[in-house]
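Structural overview for review
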Amino acid sequence: MPDSRFDAQTNHGKYLVEGPGHCGACHTPRGIAYQEKALSDDGKHFLSGAVIDGWRAKSLRGEARGLGSWNQAELADFFASGRTERSAAFGAMAEVVEHSTQYWSDSDLQAMAGYLKTLSPTPGKETELPKREDTTTAMLLNGEYANRGALLYAEHCMACHRADGNGMPRIFPALNNNSAVYANNAQSVIQVTLEGGRMPHSKHDVMAFSMPGFKHLTDSDIADVVNFVRNSWHNQAPEISSRDVAEIRHFVNRKAPNIVPQAASGAHHE
């Protein structure tokens, strides 16, 4: 049944999100019997974020750490190509784009993106983050490292993601103001730092870039650099511990890798 709140295009987007796109399979939390807590917009659980295969499938609702900072055009671009001017798909979402959504029509992608932008913020979640002055860029450009995380960032990350954390459009994703980076749950950031990742191959961008893993760094070093990235520039996020990294490292070491060596190509990304 069409939702009386929406026009035909938005209803089509709702159908795609709930049906063929089955976004809730990853992005809706599961109950005690592993059932999705909601199959359609219930104002609370639907697409409010979940953890799957060690990745944090972010909230697709309108809060600050969800899709609050995304507009409809960016979402459609992301579904089509796996990247925007500032962000890039990684982990399971890269596979979704590579094997599915890049082949959808522009009207389908616009409809799906339009519907997602109608979802209200998850109750109790921040709708915007406090303003924060960027003191990180000048510190890094001046060669001043306030802590070990800053030094590790300069050694391993800055060449691609830059001193200002803004990366290079469609090549190296921005870490600054990236809602995947400053999510409350840091599992995805820890995992991609340990394991690396690869942008999806798509017909929209000729080159797919990959990022090497940094498993050779200690749990303490990973925690330091992740905390630095999640709380530098304009970012604000809860800090993690070396124990959090150890748990994800143990998980990653026991699962199949996301990167197939023969398929990875190009330079590296987030």
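Computed from a prediction, not measured in an experiment: that's the story for all the values here.

1. Observations regarding the overall build of the protein
- When you go through the protein residue by residue, the secondary structure sums to eleven helices and four strands.
- Taken against the 2.2 N^0.38 rule, which gives 18 Å for 270 residues, the C-alpha radius of gyration of the protein at 18 Å falls within 12% of a compact globule.
- Expressed along its principal axes, the backbone C-alpha trace of the protein runs to roughly 60 × 40 × 35 Å.
- A total of 270 residues make up the protein; the buried ones form 50% of that total.
- Sequence separation of at least 24 residues holds for 66% of the intrachain contacts in the protein that already meet a minimum separation of 6.
- Where the 26 positive side-chain charges of the protein centre and where its 31 negative ones centre are 4 Å apart.

2. Some remarks on unusual backbone geometry
- Positive phi values are uncommon outside glycine, yet R162 reaches one of about 70 degrees.
- Topologically, R162 is positioned in the loop between helix 8 (158-161) and helix 9 (187-195).
- Accessibility expressed as a relative area gives 37% for R162, which makes it partly exposed.
- In this structure, N177 is a non-glycine residue whose phi angle is positive, near 55 degrees.
- Here N177 shows up in the loop between helix 8 and helix 9.

3. Some details on the pattern of salt bridges
- Summed over the entire model, instances satisfying the criterion amount to twelve salt bridges.
- The closest approach of N and O atoms between R61 and D41, which form a salt bridge, is 3.3 Å. With R61 in the loop between strand 2 (55-57) and helix 3 (72-81) and D41 in the loop between helix 2 (24-27) and strand 1 (50-52), this pair connects stretches of sequence that are 20 residues apart.
- R61 gets classed as buried once you look at its relative accessible area, which sits at 0%.
- Judged by its relative accessible area of 24%, D41 falls in the partly exposed class.

4. As for the confidence of the model for the protein
- Mean pLDDT over the protein stands at 92; residues scoring 70 or higher make up 95%.
- Below pLDDT 50 for its whole length, residues 260-270 participates in 42 contacts with residues either more than four positions away or in separate chains.

5. What to know about the layout of surface pockets
- Looking at the largest pocket, its volume works out to about 660 Å³.
- Lining the largest pocket are 36 residues, with H27, A57, K58, F78 and M93 positioned closest to its centre.
- The residue inventory of the lining of the largest pocket, partitioned by class, reads 24 nonpolar, ten polar and two charged.
- Of the pockets and cavities examined, the second largest pocket occupies roughly 310 Å³.
- Lining the second largest pocket are 14 residues, and of these E128, L129, K131, N177 and Y182 sit closest to its centre.
- Looking at the lining of the second largest pocket residue by residue, the classes come out as four nonpolar, seven polar and three charged.

6. With respect to the packing of helix 1 (residues 8-18) against helix 5 (residues 106-116)
- Between helix 1 and helix 5, whose axes approach to 7 Å, the crossing angle comes to 90 degrees. The angle between the axes of helix 1 and helix 5 places the two elements in the roughly perpendicular class. Taken together, the residues of helix 5 that come into contact with helix 1 (itself represented by Q9, T10, H12, G13, K14, L16, V17 and E18) are S107, D108, Q110, A111, M112, Y115 and L116.
- Looking at the contact of helix 1 with helix 5 residue by residue, the class counts come to six nonpolar, six polar and three charged.

The rules behind these values
Residues numbered from 1 in each chain as written. Predicted model: local features only at pLDDT ≥ 70, side-chain atom pairs only at ≥ 80, totals over all residues. Heavy atoms only, no water. Helix = DSSP H or I, 4+ residues; strand = E, 2+ residues; numbered from the N terminus. Rg over C-alpha atoms; globule rule 2.2 N^0.38 Å. Buried < 20%, exposed > 50% of the residue type's maximum accessible area, 1.4 Å probe, protein only. Contact = heavy atoms within 4.5 Å. Lys, Arg positive; Asp, Glu negative; His and termini not counted. Charge placed at Lys NZ, Arg CZ, Asp CG, Glu CD. Salt bridge = Lys/Arg side-chain N within 4 Å of Asp/Glu carboxyl O. pLDDT = per-residue confidence, 0-100. 1 Å grid on protein atoms, 1.4 Å probe; cavity = no way out; pocket = protein on both sides within 12 Å on 5 of 7 lines; lining within 4 Å. Points joined across faces, edges and corners; volume = space filled by probe spheres on them. Nonpolar A, V, L, I, M, F, W, Y, C, P; charged D, E, K, R; others polar. Axes fitted to C-alpha atoms, helices over the stretch in contact; angles between N-to-C directions. Parallel < 35°, antiparallel > 145°, perpendicular 65-115°, else oblique.

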